[in-house]
Amino acid sequence: AKGGIDALVMTQGMATIQGFTPTKEGNDEKLTLHVWSRAAFAGLLLPSLLASSSSTSRPVVLSVLSGGIHSPYTKYATDPEL
């Protein structure tokens, strides 16, 4: 891939309060969409990401989960887990 991909932003998702909803393979729909599809998509694009022609930085993959669905986390400054 000439030039490659410099940045990949993934925002696929769904907002639902359903419980476990199986796909035909037996996986949960939400887990498949939110996690496995992102890993598969980034993996498929890995050759193009590695072929990035950016001279200033390495390629980046950004995965946005629940963008705009939840209110901001206000305890980030004091959360020892971060």
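The structure this text deals with has already been given above.
Throughout what follows, the structure given in this document is the object of discussion. (Residues numbered from 1 in each chain as written. Predicted model: local features only at pLDDT ≥ 70, side-chain atom pairs only at ≥ 80, totals over all residues. Heavy atoms only, no water.)

**Description of the overall build of the chain**
Keep this limit in mind: Secondary structure counts use DSSP, requiring at least four H or I residues in a row for a helix and at least two E residues in a row for a strand, with both numbered from the N terminus. Using C-alpha atoms as the atom set, the radius of gyration is obtained and then compared with a globule rule of 2.2 Å times the number of residues to the power 0.38. Between buried and exposed lies partly exposed: a residue is buried under 20% and exposed over 50% of the maximum accessible area for its type, with that area taken using a 1.4 Å probe on protein chains only. Here, two residues are considered to be in contact whenever any of their heavy atoms come within 4.5 Å of each other. Just so you know, the count uses Lys and Arg for positive and Asp and Glu for negative, and it drops His and the chain ends. Every charge is mapped to an atom, namely NZ of Lys, CZ of Arg, CG of Asp or CD of Glu.
Counting its secondary structure elements, the chain contains one helix and two strands. The N-to-C order of helical and strand elements in the chain reads β-α-β. Its C-alpha atoms give the chain a radius of gyration of 17 Å, clearly above 12 Å, the size a compact globule of 82 residues would have. The principal-axis extents of the C-alpha atoms in the chain amount to approximately 45 × 45 × 20 Å. Considering the chain as a whole, with its 82 residues, one finds that 13% of them fall into the buried category. Taking the intrachain contacts of the chain between residues at least 6 apart in sequence as the baseline, contacts between residues at least 24 apart amount to 59%. Of the side-chain charges in the chain, 6 are positive and 6 negative, and the distance between the mean point of each set is 7 Å.

**A short note on the layout of surface pockets**
Short version of the rule: Only protein atoms enter the 1 Å grid used here, on which a cavity is any set of points holding a 1.4 Å probe that cannot leave and a pocket is any open set flanked by protein within 12 Å on both sides along at least five of seven lines; residues with an atom within 4 Å of a point are listed as lining. Grid points are joined across faces, edges and corners, and a volume is the space filled by probe spheres set on the points. Three classes are used: nonpolar for Ala, Val, Leu, Ile, Met, Phe, Trp, Tyr, Cys and Pro, charged for Asp, Glu, Lys and Arg, and polar for all others, with Gly counted as polar.
If you add up the space inside the largest pocket, you get close to 200 Å³. Residues that form the lining of the largest pocket fall into these classes: five nonpolar, seven polar and one charged.

**Focus on helix H1 (residues 29-50)**
Along an α-helix, a turn takes 3.6 residues, which lines up residues three or four apart on a common side. Counted only if it meets this: Helix span, as expected, comes to 1.5 Å for every residue beyond the first. The reported bend at a residue is simply the angle between two axes, fitted to the 7 residues ending at it and to the 7 residues beginning with it. In protein, a polar contact requires one atom able to donate a hydrogen and another able to accept it; more generally it is a pair of N or O atoms within 3.5 Å, and residues adjacent in sequence count only if both atoms are side-chain atoms.
Across its 22 residues, H1 extends 30 Å between first and last C-alpha, which sits within 8% of the 32 Å expected from 1.5 Å per residue. The sharpest bend along H1 reaches about 45 degrees and sits at Leu 44, with the proline Pro 47 one to four residues further on. Among the structural elements, strand S1 (7-10) and strand S2 (60-63) are those in contact with the buried residues of H1. By the N-cap criterion, in which a side-chain oxygen at the helix start approaches the backbone nitrogen of a residue two or three places on, H1 is capped by Asp 28, the distance to Lys 30 being 3.3 Å.

**Here we look at the side chain of Asp 28**
Within the secondary structure, Asp 28 sits in the loop between S1 and H1. Of note is the side chain of Asp 28, whose polar atom sits 3.3 Å from the backbone nitrogen of Lys 30. Beyond its immediate stretch of four places on either side in the chain, Asp 28 contacts Gly 19, Phe 20, Thr 21 and Thr 23.

**Some words on the environment of Ser 37**
Here Ser 37 shows up in helix H1. A residue is classified by how much of its surface remains accessible, and Ser 37, at 23% relative accessible area, is partly exposed. For the pair Ser 37 and Thr 16, spaced 21 residues apart in sequence, the C-alpha to C-alpha distance is 17 Å. Not counting the four nearest positions on each side in its chain, Ser 37 is found in contact with Gln 12 and Thr 32. Within the structure, the side chain of Ser 37 is placed 3.1 Å from the side chain of Gln 12, a separation counted as a polar contact.

**Examining the side chain of Thr 21**
Within the fold, Thr 21 resides in the loop between S1 and H1. Once residues within four sequence positions are removed from consideration, Thr 21 is found in contact with Asn 27, Asp 28, Glu 29 and Lys 30.

So, to be careful, I would describe these as geometric facts and stop short of saying anything about function.
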